[in-house]
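Summary of the model geometry
Chain residues, written in single-letter form:
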Amino acid sequence: MGAHAELIKRVTLAIEDPELPRLTPGLTTRISLQVGPEKSSLAVGGGIVALDGADENADVILSAPEGAWEKVMQVPPPATYHSFTAFQLANPEFTLSGSPVAIAQARPALERLFEIVVASPPLVAPKIDRNIEQVTGRYKRVEVGGVEHDIFYEEAGAGTPILFLHTAGADGRQFLPQLSDTGFARTNRLISVDLPFHGRSMPPLTWDGSPYQLTTDLYLTWCTAILDQLVGDRAIVVGGSMGAAMCMVLAAERPERLMGVIAVEPPLKSKGRRNPFQHNVNVHGSLHNSAYVRGIMSPLSPQEERRRASWIYSQGAPGVYPGDLSFYSDEFDGAVVGPKIDAKRTPTVLLSGTYDYSATPADGAALAALIPGSRHVVMEGLGHFPMCENPDYFRSFLQDAIRFVEDNG
């Protein structure tokens, strides 16, 4: 069977997906899929997605040579052939055309469709003993530069403090699998915070309503206050993506407050994460942003976990995700921060997933070269959110990283 026929066969099954009506409310559009010279179209309307011949006047056109589509159909597909947003941002074999608004409005449907098209058996990992009831949540009033912040955090266990920092636009729920892990809780005090403006941490009362924008100095000030006033002791800091970047900033600027850092999906310079429709009145931000991050997850992660991971992004306040990217995509530069880290004083572990085109394994290797004595581990088959998209498979990588920090601290 040729690539076009196989694609249409898989799309035909995918359009029966019960999730699609939730992702397409009020959307009317036509999408053309082109495999070499062969074309097929999808019509979206009234919450229904249907195959509808070949349309030369489609609103969104996605095309690639037959050989590229054959890689999409592989089980599992190679990295950058695994999601719609990967086709758009990271794979030069694909051409995407249409108005930017039309593409942004269609993203939730297309991301979900291709999630089904490339479905592969999930990575097998031992089942982890978890107890969600061991996790408690509470507020702590933290003073930051004379401003009071009501920080929400969740906590479990006792022992070595481990502070978890969430990704851009998300919140501490990303680390619930680790906080509910009974094995980790036996020997560690596990703490996951919602940064101000995120999740259940409200903006301070002094906020004037102007656009939210995170800077390196502000983020560093927040984390220093959290370590001092909430954690109250030297800690291992584990951060994902934006949190990984802050791990490195903390290791460079506040090593006396740390036992070590574990940077999960660390960027070198992540310039490609901005999108004008992350906060735009013409596009449903909750649907768009949750789909945008689905594209950097692994097709080998369990679908139910990926759905939960993207759900967090559907609940961020307007403007917070792009506001975080002011730090993550605009300011942070691993080539500047990395050489400031003394890995002998602050043990540093970098964990990179092979399906992450935002912070690639090559980025992790480049960072490791800038931080002598650091440890870089490539996590085969994982994406940008391993802590919540596939927590069982991720566990062994995190456990080994914690041991490395403890043995070298």
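In this text the structure is predicted, and so the values were computed from the model without any measurement.

As a further point, take the environment of Thr215. Topologically, Thr215 is positioned in the loop between strand E9 (188-193) and helix H8 (216-231). The exposure class assigned to Thr215 is partly exposed, which follows from its relative accessible area of 27%. On a C-alpha basis, the gap between Thr215 and Asp330 in space is 9.2 Å, while along the polypeptide they are 115 residues apart. In this structure Thr215 touches Phe327 and Glu331, once residues within four positions along its chain are discounted. Polar side-chain contacts of Thr215 include one of 3.1 Å to the backbone nitrogen of Leu218.

Turning our eyes to something else, we now look at unusual backbone geometry. Cis peptide bonds are those with omega within 30 degrees of zero, and the linkage from Val75 to Pro76 qualifies with -5°. With respect to the helices and strands, the residue Pro76 is situated in the loop between helix H3 (66-72) and helix H4 (84-90). In this structure, Thr80 is a non-glycine residue whose phi angle is positive, near 75°. Within the element layout of this structure, Thr80 appears in the loop between H3 and H4.

Next up on the list: the UniProt feature "domain: AB hydrolase-1" (unreviewed entry) in the chain. With numbering matched to this structure, UniProt assigns "domain: AB hydrolase-1" (unreviewed entry) to residues 161-391. Along residues 161-391 the backbone is 39% helical and 15% strand, and the end-to-end C-alpha distance reaches 20 Å.

For the structure shown, the criterion picks out 0 disulfides. Residue Cys247 stays outside any disulfide, its sulfur separated by 8.5 Å from that of Cys223, the closest cysteine. Between Cys388, a cysteine without a disulfide, and Cys247, which holds the nearest cysteine sulfur, the sulfur-to-sulfur distance is 15 Å.

By the secondary structure assignment, Arg273 is in the loop between strand E11 (258-264) and helix H10 (285-294). Lacking a salt bridge, the buried Arg273 has Asp356 as its closest oppositely charged neighbour, with an N-O distance of 6.8 Å. Among all residues touching Arg273, those that are not within four sequence positions of it are Leu89, Gln278, Tyr292, Ile296, Tyr321, Leu325, Tyr328, Ser329, Tyr357 and Ser358.

Now for the packing of helix H9 (residues 242-253) against helix H12 (residues 320-331). Pairs of packed helices are described in terms of their axes, by the angle between the two and the distance that separates them. H12 packs onto H9 with a crossing angle of 50° between their chain directions and a minimal axis gap of 10 Å. Considering their axes alone, H9 and H12 lie oblique with respect to each other. By crossing handedness, the relation of H9 to H12 is classed as left-handed. Contacts between H9 and H12 pair Met242, Ala245 and Met246 from the former with Asp324, Phe327 and Tyr328 from the latter.

Once that is clear, we can look at the packing of aromatic side chains. A ring pair, where both rings are aromatic, is described by two values, the distance of the centres and the angle of the planes. Within the structure shown, the criterion is met by 15 aromatic pairs. A ring pair is formed by Trp69 and Phe87, whose centres lie 6.0 Å apart and whose planes are at 70°; its orientation type is edge-to-face. Pair noted here: Trp69 is in helix H3 and Phe87 is in helix H4, with a separation of 18 residues, a long-range link. As far as the burial class goes, Trp69 and Phe87 line up, both buried. Relative to Phe94, the ring of Trp69 has its centre 5.1 Å away and its plane inclined at 80°; by these criteria the two rings are edge-to-face. Taken together, the residues Trp69 in helix H3 and Phe94 in the loop between H4 and strand E5 (95-98) connect sequence positions 25 residues apart.

Below, the discussion takes up the sheet that holds strand E10 (residues 235-240). Taken in spatial order, the 8 strands line up as E6-E7-E9-E8-E10-E11-E12-E13 in an open sheet, and their pairing is mixed. One side of each edge strand has no neighbouring strand; the edge strands of this open sheet are strand E6 (136-144) and strand E13 (375-379). Direction aside, the axes of adjacent strands within the sheet are offset by 25° on average. One ladder, built from 6 bridges, connects E10 with E11; its direction is parallel. From the neighbouring strand, Ile236 faces E11, where its bridge partner is Gly260. This element, H8, spans E6, strand E7 (147-156), strand E8 (160-165), E9, E10 and E11 of the sheet and lies at about 120° to E6. The strands touched by H9 are E8, E10, E11 and strand E12 (348-353); relative to E10, the strand with the most contacts, the crossing angle is about 145°.

If you trace the 5 strands from one edge of the open sheet to the other, you get E3-E2-E1-E4-E5, paired in mixed fashion. Looking at strand neighbours, the two that pair on one side only are strand E3 (48-51) and E5, the edges of this open sheet. Strand-to-strand twist of the sheet, defined as the mean angle between neighbouring strand axes without regard to direction, takes the value 15°. Sheet strands touched by helix H5 (residues 100-117): strand E1 (29-35), strand E2 (38-45), E3, strand E4 (60-64) and E5. Its angle to E4, the strand with the most contacts, is close to 55°.

This next bit is on the domain arrangement of the chain. By domain assignment, the chain separates into domain 1 (1-116) and domain 2 (135-405). Between the C-alpha centres of domain 1 and domain 2 there is a distance of 31 Å. Each partner contributes to the interface: domain 1 provides 24 residues, whereas domain 2 provides 22 residues. Summing both partners gives a buried area of about 1,900 Å² for domain 1 against domain 2, and 63% of it is carried by carbon and sulfur. Contact with domain 2 buries area across many residues of domain 1, yet His82, Arg107 and Glu115 alone supply 26% of it, more than any other trio.

Reading the values: rules and limits
Residues numbered from 1 in each chain as written. Predicted model: local features only at pLDDT ≥ 70, side-chain atom pairs only at ≥ 80, totals over all residues. Heavy atoms only, no water. Helix = DSSP H or I, 4+ residues; strand = E, 2+ residues; numbered from the N terminus. Buried < 20%, exposed > 50% of the residue type's maximum accessible area, 1.4 Å probe, protein only. Contact = heavy atoms within 4.5 Å. Polar contact = N/O pair within 3.5 Å; in protein donor to acceptor, adjacent residues only side chain to side chain. UniProt positions renumbered as here; feature names shortened; annotations may be inferred. Disulfide = S-S within 2.5 Å. Lys, Arg positive; Asp, Glu negative; His and termini not counted. Salt bridge = Lys/Arg side-chain N within 4 Å of Asp/Glu carboxyl O. Axes fitted to C-alpha atoms, helices over the stretch in contact; angles between N-to-C directions. Parallel < 35°, antiparallel > 145°, perpendicular 65-115°, else oblique. Left-handed = near helix turned anticlockwise from the far one by under 90°. Phe/Tyr/Trp six-rings, centres within 6.5 Å; stacked < 30°, edge-to-face > 60°. Pairing = 2+ DSSP bridges. Domains from an automatic or database assignment. Buried area = accessible area lost by both parts, 1.4 Å probe.

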